[in-house]
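Here is what each chain is made of, one letter per residue.
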Amino acid sequence: MAMEYSVGVPMPVDEHAQLRESILIECGLHPPVVQLAAPDAAMRLLACARVASLDDREVYFGPSSAGWAAWAMTPPVKGERERVALSPRNETAACALVLELCTEAGEAAAAVLLVARSLCDTALAPPTDENTASAAPPDDNGVGDAMIAWTKAVGATPEARNGSDADGCSVSIVPARFPNTGRGAAAASDLPAGTDAVRVPSHTSWTVQCAFDDPGPRGEAYRTFAALGEDTVASLWLVYEMFGVGQNGKWAPLLNALPKRGGLTPVSWPADAIAALLGGTPVYTDAVNTHEKLTRQYAALFPALSEHYQEVFPSSLYTLENFRAATEAWNAYGMTVLFPEDGARVSGSINSENTSETKNQPVTCLPPIALLCNHSVWPHAVRYSKLRGNALHVPIARSVRSGSEVFVSYGSKSNAELLLFYGFCVENNPYDDVPLSLELPNGEVGEVTRTRAACLQKFNLQLSPHAVRANNGLAPGLVGTLRVLTADAAALATCVIDPRLTPVSSEGEAHAAATLCGALAALIEQLDEGDAALQSAEGAVAAAQVSEASRREAEVYRQGVRRTLEQAAGEARAWRAAGGVGPDPSLGKRTRD
């Protein structure tokens, strides 16, 4: 009797567990265990992986009830990923998970893996009219090639040299330059989906433990100030290594790939430039707070550290400018890696095999080679933040041709996050959203307020966080919460159907829509005022203090905010005009038929 093999798709245990279970049941996929002999095994794995990969924002902006199962079971169509996918992140993560599970299953899943590769290539294929830029020489004075050579040398083990070490160094990308993205990484050869673009031993990545392991007075000082946190210690270390030691440091081949100047993000822009470029936008307050926090942090550390540890923190080296540049580099290139439960360890320094981080602990590191890859909304690699064995793997979820750029994902980040921490934006970013703050009405009698609060709790509705997003329609949770906040007490007392699905009352429906219209109008007015200030002579002078590239990225961000607000305002006006029937669920949605 032939043995039957199956693959189980792990489901996260979180607040969305019940939703996942209901979707799987409706799809006929509960429990999420797929028989590999099934003719549609690859598609069933993909459907389960889509459900497993749901995150908070996808649930928030997703269908209110109906539509989840249809989405999960929709077969990919080549070139139509925007229509089929719930989000780029979800579809890419689901494909990566399927390929990972099939690879781990070994020979038993070999046939399914071939089908899965084709399925994932179809699911993630770009539109047919998308141009694929060709790679050019990197024009980086050999920095990228030197880093790869250094990583291979440092990461080599006797097992790797004879090809028997699965945790050894493997590099299938080369440094390159592209017309639209600048420095990046190109595939060195044709790479099939599911293979590693990069695999580097964990000890070739820098972590703060490496600073603590320094045997001299510098390491002693870092250990003394460990309570300041890994971000501060990393910035202190980077100042010395980048601007002091330079090419003489053992980590120089890795650090040479990092930017040496500040000004890339709002954390190092002048305060009046932040006000001019970001005034009137949702990120303005965060940018100001981040800028001021770093300034206060530096003032708390210096000149005190330089006075008490002159050899370790010389004042000529630890300037505010260098501290900001080091912080920007750490924020932009540091990667958080999760250590597995199987006891895998990461050595604390290049020459140490015994010092290790605690397993299962998230640790931020500077990974060699992988940091050459640029971010994309539709990346090749997403599941690369967890060690497997004792190596960091960067597997690709779709095939890539030799010479084409290999992209990773920094996460499903809005342009506000990308600009604040990385210094760039993505045009028409599908993750752009504008946060909204909702509160219980003021001046009501206590009994009414308690009735509203009880109704919110009954249907698991929250006052925050809420947001609007372009091309996603009004989120069911936002609509439901507004209905509860604007309905009269009598209607709330008799409310038995989830307010996400139906109006609480016709009178309250008009009030809910009008409330949203007013809130969005106020945000648009605020953005208009910021635009006017930027276009003034004073604003132009302030903005000119940062680079042309930074001004361009700030403009992309502002345009995205306006697009999001104006589209949401249009949907809110349509909801108000519809009276008591609720917003049209098709508004802002990509159709699937």
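Here the residue numbering is sequential within each chain, running from 1 through the sequence in written order. For this predicted model, a pLDDT threshold of at least 70 governs which residues receive local features, and a threshold of 80 or more governs which side-chain atom pairs are given and counted, while totals over whole chains, interfaces and linings are taken from all residues. The side-chain values count all of the structure's non-hydrogen atoms but skip hydrogen atoms and water molecules.

**Overview of the environment of Leu255**
Part 1 of the argument: Residue position: Leu255 is located in helix H13 (residues 252-255).
Part 2 of the argument: In this structure, the C-alpha to C-alpha distance between Leu255 and Gly443, residues 188 residues apart in sequence, is 58 Å.
Part 3 of the argument: In what follows, a contact means two residues having at least one pair of non-hydrogen atoms within 4.5 Å. Once residues lying within four places of it in the same chain are set aside, the contact partners of Leu255 are Trp237, Leu238, Glu241, Met242, Lys260 and Leu366. Only DSSP runs of H or I reaching four residues or more are called helices, and only runs of E reaching two or more are called strands; each is numbered from the N terminus.

**So, the pattern of salt bridges**
Part 1 of the argument: A pair is scored as a salt bridge if a Lys or Arg side-chain nitrogen falls within 4 Å of a carboxyl oxygen belonging to Asp or Glu. Applying the stated criterion to the full structure yields 16 salt bridges.
Part 2 of the argument: Residue Glu58 is joined to Arg89 by a salt bridge in which the shortest nitrogen-to-oxygen separation is 2.9 Å. Of this pair, Glu58 sits in helix H3 (residues 56-61) while Arg89 sits in helix H6 (residues 88-105), and the two are 31 residues apart along the sequence.
Part 3 of the argument: Here's how the labels work: a residue is buried when its accessible area is under 20% of the maximum for its type, exposed when over 50%, partly exposed in between, all with a 1.4 Å probe on protein chains only. You can call Glu58 buried: its relative accessible area is 7%.
Part 4 of the argument: Residue Arg83 pairs with Glu80 through a salt bridge whose shortest N-O separation is 2.7 Å.
Part 5 of the argument: Arg83 gets classed as partly exposed once you look at its relative accessible area, which sits at 22%.
Part 6 of the argument: Given the relative accessible area of 33%, Glu80 is considered partly exposed.
Part 7 of the argument: Connected through shared salt-bridge partners, Asp528, Asp531, Arg558, Arg562 and Glu566 make up one network.

**Describing the pairing of strand S4 (residues 173-178)**
Part 1 of the argument: In the sheet, S4 pairs with strand S5 (residues 182-187) via six bridges, with the strands oriented antiparallel. Across the sheet, the residue bridging to Ala176 is Gly184, located in S5.
Part 2 of the argument: By the convention used here, strands pair only if DSSP detects at least 2 bridges between them. Remark: three residues form the turn of the hairpin made by S4 and S5, two consecutive strands paired antiparallel.

**Things to note about unusual backbone geometry**
Part 1 of the argument: Cis geometry marks the peptide bond from His30 to Pro31; its omega dihedral reads 0°.
Part 2 of the argument: In this structure, Pro31 sits in the loop between helix H1 (17-27) and strand S2 (33-35).
Part 3 of the argument: Note the cis peptide between Ser464 and Pro465, where omega equals 0°.
Part 4 of the argument: Considering the arrangement of structural elements, one finds Pro465 in the loop between helix H19 (446-458) and strand S13 (466-469).
Part 5 of the argument: Even without being glycine, Asn428 reaches a positive phi, approximately 55°.
Part 6 of the argument: Here the phi dihedral of Asn471 falls at roughly 65°; this positive angle occurs in a residue that is not glycine.
Part 7 of the argument: Within the secondary structure, Asn471 is located in the loop between S13 and helix H20 (476-486).

**Structural notes on the packing of H6 against helix H7 (residues 110-124)**
Part 1 of the argument: To obtain each axis, a line is fitted to C-alpha atoms, and for helices this fit is confined to the stretch in contact; angles are then taken between N-to-C directions over 0 to 180 degrees. Contact geometry for H6 and H7: axes closest at 10 Å, N-to-C directions at 170°. In this view, H6 runs roughly antiparallel relative to H7, as classed from their interaxial angle. Counted together, Glu91, Thr92, Cys95, Val98, Leu99, Cys102 and Thr103 of H6 and Val112, Leu113, Ala116, Arg117, Cys120, Ala123 and Leu124 of H7 form the full contact between these two elements.
Part 2 of the argument: In the contact of H6 with H7, the residues fall into ten nonpolar, two polar and two charged. Roughly parallel covers angles under 35 degrees, roughly antiparallel covers those over 145, roughly perpendicular covers 65 to 115, and oblique covers all other angles. Under the convention adopted here, Pro, Cys and the residues Ala, Val, Leu, Ile, Met, Phe, Trp and Tyr are nonpolar, Asp, Glu, Lys and Arg are charged, and Gly plus all remaining residues are polar.

**Some remarks on helix H2 (residues 41-52)**
Part 1 of the argument: Under the convention used throughout, the expected extent of a helix is 1.5 Å for every residue step, that is, one less than its residue count. Between its first and last C-alpha atoms H2 spans 16 Å; for twelve residues at 1.5 Å apiece the expected length is 16 Å, and the two agree.
Part 2 of the argument: Here H2 lies mainly inside the structure; eleven of its twelve residues are buried.
Part 3 of the argument: Along H2, the residues that are buried comprise Ala41, Ala42, Met43, Leu45, Leu46, Ala47, Cys48, Ala49, Arg50, Val51 and Ala52.

**Comments concerning the packing of aromatic side chains**
Part 1 of the argument: Centres within 6.5 Å are what make two rings of Phe, Tyr or Trp a pair, Trp counting through its six-membered ring; a difference in plane orientation under 30 degrees is then read as stacked, over 60 as edge-to-face, and the rest as tilted. Counted by the stated rule, this structure contains 16 aromatic pairs.
Part 2 of the argument: Geometrically, the ring pair formed by Phe225 and Tyr309 is edge-to-face, given 5.5 Å between the ring centres and 75° between the ring planes. One end of the pair, Phe225, is in the loop between helix H11 (217-224) and helix H12 (230-245); the other, Tyr309, is in the loop between helix H16 (304-308) and helix H17 (320-333), and 84 residues separate them in sequence.
Part 3 of the argument: Should the NZ of a Lys or the CZ of an Arg lie within 6 Å of a ring centre and within 35 degrees of the ring normal, that charge is described as sitting over the ring. Directly above the ring of Tyr240 sits Arg218, whose terminal nitrogen or CZ lies 3.2 Å from the centroid.

**Description of the sheet that holds strand S3 (residues 170-171)**
Adjacent strands of a sheet form backbone hydrogen bonds with each other and so pair up, either parallel or antiparallel.
Part 1 of the argument: Spatially, three strands are ordered S3-S6-S10 in an open sheet, and the strand pairing comes out antiparallel. The two strands at the open ends of the sheet, each matched to only one other strand, are S3 and strand S10 (391-395).
Part 2 of the argument: Looking at chain direction, S3 and strand S6 (residues 196-201) are connected through two bridges and run antiparallel. Counted as the bridge partner of Ser170 is Arg199 from S6.

**Considerations on a nonpolar patch on the surface**
Part 1 of the argument: Residues enter patches when their relative accessible area tops 30% and they take part in no salt bridge; the joining distance is 9 Å for like charges and 5 Å for the nonpolar side chains Val, Leu, Ile, Met, Phe, Trp and Tyr. A 1.4 Å probe and the Shrake-Rupley method give the accessible areas. Residues count as covered only by the protein chains that appear here. A cluster of nonpolar residues, Val496, Ile497 and Leu501, forms a patch on the protein surface that exposes about 300 Å² of accessible area.
Part 2 of the argument: Of note, Ile497 is situated in the loop between helix H21 (489-493) and helix H22 (506-535).
Part 3 of the argument: Classification of Ile497 by relative accessible area gives partly exposed; the value is 47%.

**Focus: the nonpolar core**
Part 1 of the argument: Core analysis: the largest hydrophobic core is formed by 62 residues, its most contacted members being Ile173, Trp206, Tyr222, Leu236, Leu238 and Phe313.
Part 2 of the argument: When sequence neighbours within four positions are dropped, the list of residues in contact with Trp206 reads Ala211, Ala234, Trp237, Trp251, Leu254, Trp330, Thr364, Cys365 and Leu366. Joining through side-chain atoms within 4.5 Å is the link that ties buried Ala, Val, Leu, Ile, Met, Phe, Trp, Tyr and Cys residues into a set, and such a set is a nonpolar core.

**With respect to the packing of helix H15 (residues 284-301) against H17**
Part 1 of the argument: Orientation of H15 relative to H17, taken along the N-to-C sense of each, is 125°, at an axis distance of 11 Å. The pairing of H15 with H17 is recorded here as oblique in orientation. Two packed elements cross with a definite hand, and for H15 against H17 that hand is right-handed. Contact residues: H15 offers His291, Leu294, Thr295, Gln297, Tyr298 and Leu301, while H17 offers Leu320, Phe323, Arg324 and Thr327.
Part 2 of the argument: For the contact of H15 with H17, a count of residues per class yields five nonpolar, four polar and one charged. The hand of a helix crossing depends on one turn: near helix anticlockwise from the far one by less than a right angle means left-handed, and clockwise means right-handed.

**With respect to the environment of Leu113**
Part 1 of the argument: Structurally, Leu113 can be placed in helix H7.
Part 2 of the argument: The buried category is assigned to Leu113, whose relative accessible area is 13%.
Part 3 of the argument: Note: C-alpha distance between Leu113 and Arg57 (56 residues apart in sequence) is 30 Å.
Part 4 of the argument: Leu113 has contacts with Leu99, Cys102 and Thr103, leaving out every residue within four places of it along the chain.

**Structural notes on the confidence of the model for the protein chain**
Part 1 of the argument: Per-residue confidence for the protein chain gives a mean pLDDT of 90, with 91% of residues at or over 70.
Part 2 of the argument: A residue's pLDDT is the predictor's confidence in that residue, given on a scale from 0 to 100. Predicted confidence for residues 342-358 stays below pLDDT 50, and this span has 41 contacts to residues more than four positions away or in other chains.
Part 3 of the argument: Every residue in residues 585-593 scores below 50 in pLDDT, and together they form 24 contacts with partners more than four places removed in sequence or on other chains.

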